[in-house]
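# Fold and geometry: a report
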Amino acid sequence: MIPWATLNSFMIRIAAIYTCYNRKEKTLAALTSLYEAFDSYNLQKVSLSIYLTDDGSTDGTSAAIKSAFPNVKLLKGSGLLFWSKGMHLAWSEAQKTNYDFYFLLNDDTFVYPFLLEQIFSTHDYSLTKFGKSGIYVGGTENKETGVVTYCGGFVRKSLIFSKRMLHPSGKPQACDLGTANIMAISKETVNKIGIIDNTYPHGFGDYDYTIRARKAGIPVLIAPKICGHCENDHIDPIPSFLNKNYRQRLDYLYNPAGLNLKSHLLFVKRFFPMRAPFVWINGHLKVLVPRFYLKTKSWLN
């Protein structure tokens, strides 16, 4: 059951926010897992609305969602929104209704049935420990191996953005920045700092949001247990640079879905300005001398 300490009214209203592009089967499976998690909970106390930006999919994603989940509120992207801008669009639409929580979820993340128990227990911990609500992030794992793929949160080790990954420990843990594979945000947080910044096209929007929250005195916590499974399909692109020409490498360096250097620089200039020159130099080393970079990256990163 939902802990009574979490109830602001009889019904807790939750908006789930997604953005997707050409991953029809994964997106449908992700939505199914979320509905199943809610179905396993006490639906007399919780309501779910889903807002999803389809950023120009050509694989029939929107039609499939309309057929399988007609209650999902679909928004159409331009094809150039990527993740952060797509999430901003869907979240902006959800904000028109007064929800108690906003869940940010990736379209390739499959949540476990006990998701809400983890989120609400972390919420109660935040109210007890800090006297206020906050942001609660859930880690994910490889379903086959049990290896953590996205931990959910990190703590800063230095002023230049060296960070240490946190692993779920059986109790909530405070972190400095979180990843939005699974992230629950209270309405009090949104009322105080707004929603995700749409300046970033793809990555870094979740890091930016959680750091802004911490600066505003809002608790950012990772849930006690792994909350879902998601494959880490990010591979190191630099070995492939050996087979690309300079123009191709430079394009990938600035591509929002590639190395995304523009967003990376914006992020560090905002929060870790001392690191900005290193990020610029490191990025261009990958383009100019990829073979040298591969030999020396262990001490460059």
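The structure this text deals with has already been given above.
First, a word on what this report is: a plain description of the structure on this page. (Residues numbered from 1 in each chain as written. Predicted model: local features only at pLDDT ≥ 70, side-chain atom pairs only at ≥ 80, totals over all residues. Heavy atoms only, no water.)

Here the focus is the overall build of the chain. If you tally the helices and strands in the chain, you get 11 helices and 15 strands. By the compact-globule yardstick of 19 Å for 301 residues, the chain fits well, its C-alpha radius of gyration being 19 Å. Projected onto the principal axes, the alpha-carbon positions of the chain cover approximately 60 × 45 × 40 Å. For the chain, buried positions account for 52% of its 301 residues. Put simply, of all contacts in the chain between residues at least 6 apart along the chain, 73% involve residues at least 24 apart. As displayed, the chain has an accessible area near 14000 Å², and 55% of this comes from carbon and sulfur atoms. For the chain, the distance from the average position of its 35 positive side-chain charges to the average position of its 23 negative side-chain charges is 9 Å. (Helix = DSSP H or I, 4+ residues; strand = E, 2+ residues; numbered from the N terminus. Rg over C-alpha atoms; globule rule 2.2 N^0.38 Å. Buried < 20%, exposed > 50% of the residue type's maximum accessible area, 1.4 Å probe, protein only. Contact = heavy atoms within 4.5 Å. Areas by Shrake-Rupley, 256 points an atom, 1.4 Å probe, with all protein chains shown as cover. Lys, Arg positive; Asp, Glu negative; His and termini not counted. Charge placed at Lys NZ, Arg CZ, Asp CG, Glu CD.)

This next bit is on the nonpolar core. Residues Ile-14, Tyr-18, Leu-34, Phe-103, Leu-105, Leu-115 and Phe-120 are the most contacted members of the largest nonpolar core, which totals 34 residues. For this core, the elements supplying multiple residues, two or more each, are strand 1 (12-20), helix 1 (24-39), strand 2 (46-54), helix 2 (61-68), strand 4 (101-105), strand 5 (110-111), helix 4 (115-130) and strand 13 (182-186). When residues in this core are grouped by element, the largest group, six residues, is from helix 1. Setting aside anything within four residues of it in sequence, one finds Leu-34 in contact with Ala-16, Tyr-18, Leu-48, Ile-50, Leu-105, Val-111 and Leu-115. Core analysis: the second largest hydrophobic core is formed by 29 residues, Trp-83, Met-87, Tyr-99 and Met-183 among them. (Core = buried A, V, L, I, M, F, W, Y, C linked by side-chain atoms within 4.5 Å.)

Pairing within the open sheet is antiparallel, and its three strands lie in the order 10-9-12. What marks the edges here is a single partner per strand, and that holds for strand 10 (163-166) and strand 12 (177-178). Across four bridges, strand 9 (residues 153-156) lies against strand 10 in antiparallel orientation. Paired with Arg-156 across the bridge in strand 10 is Lys-163. (Pairing = 2+ DSSP bridges.)

Okay, the sheet that holds strand 7 (residues 140-141) next. Ordered in space as 5-15-7-8, the four strands form an open sheet in which the pairing is mixed. Edge strands, defined here as strands with exactly one partner in the open sheet, are strand 5 and strand 8 (148-150). Bridge analysis of strand 7 against strand 15 (residues 228-229) gives two bridges, and the strand direction is parallel. Along strand 15, the bridge assignment pairs Thr-140 with Gly-228.

Secondary-structure assignment places Phe-278 in helix 10 (residues 276-288). Since its relative accessible area comes to 32%, Phe-278 is described here as partly exposed. Along the chain, Phe-278 and Glu-93 lie 185 residues apart, while their C-alpha atoms are 38 Å from each other.

The final tally for this structure, using the stated rule, is nine salt bridges. Across the pair Asp-107 and Arg-23 runs a salt bridge whose closest N-O atoms are separated by 2.5 Å. Pair noted here: Asp-107 is in the loop between strand 4 and strand 5 and Arg-23 is in the loop between strand 1 and helix 1, with a separation of 84 residues, a long-range link. Taking the shortest distance from any N to any O, the salt bridge between Glu-93 and Lys-96 comes out at 3.0 Å. Sharing partners across several salt bridges, the network here consists of Asp-197, Asp-208, Arg-212 and Arg-270. (Salt bridge = Lys/Arg side-chain N within 4 Å of Asp/Glu carboxyl O.)

Before going further, it helps to spend a moment on helix 8 (residues 246-254). Among the residues making up helix 8, those that are buried are Arg-249, Leu-250 and Leu-253. Buried residues of helix 8, seen end-on, are gathered within an arc of 100 degrees and therefore sit on one face of the element. The N-capping residue of helix 8, defined by a side-chain oxygen 3.1 Å from the backbone nitrogen of Arg-247, is Asn-245. (Arc of directions from axis to C-beta. Polar contact = N/O pair within 3.5 Å; in protein donor to acceptor, adjacent residues only side chain to side chain.)

Before going further, it helps to examine the packing of aromatic side chains. According to the stated counting rule, one finds 15 aromatic pairs in the structure shown. Aromatic side chains Tyr-112 and Phe-114 sit 5.6 Å apart centroid to centroid with 50 degrees between the ring planes, which places their arrangement in the tilted category. Note on Phe-114: relative accessible area 23%, which makes it partly exposed. Ring pairs connect the aromatic residues Phe-154, Phe-204, Tyr-207, Phe-267, Phe-271 and Phe-272, which therefore count as one cluster. Lying across the ring of Tyr-51, Lys-73 places its NZ or CZ 5.3 Å from the centre. Looking at Lys-225, its charged tip hangs above the ring of Phe-114, at a distance of 4.3 Å from the centre. (Phe/Tyr/Trp six-rings, centres within 6.5 Å; stacked < 30°, edge-to-face > 60°. Lys NZ or Arg CZ within 6 Å of the ring centre and 35° of its normal.)

What is shown is where atoms sit, not what they do.
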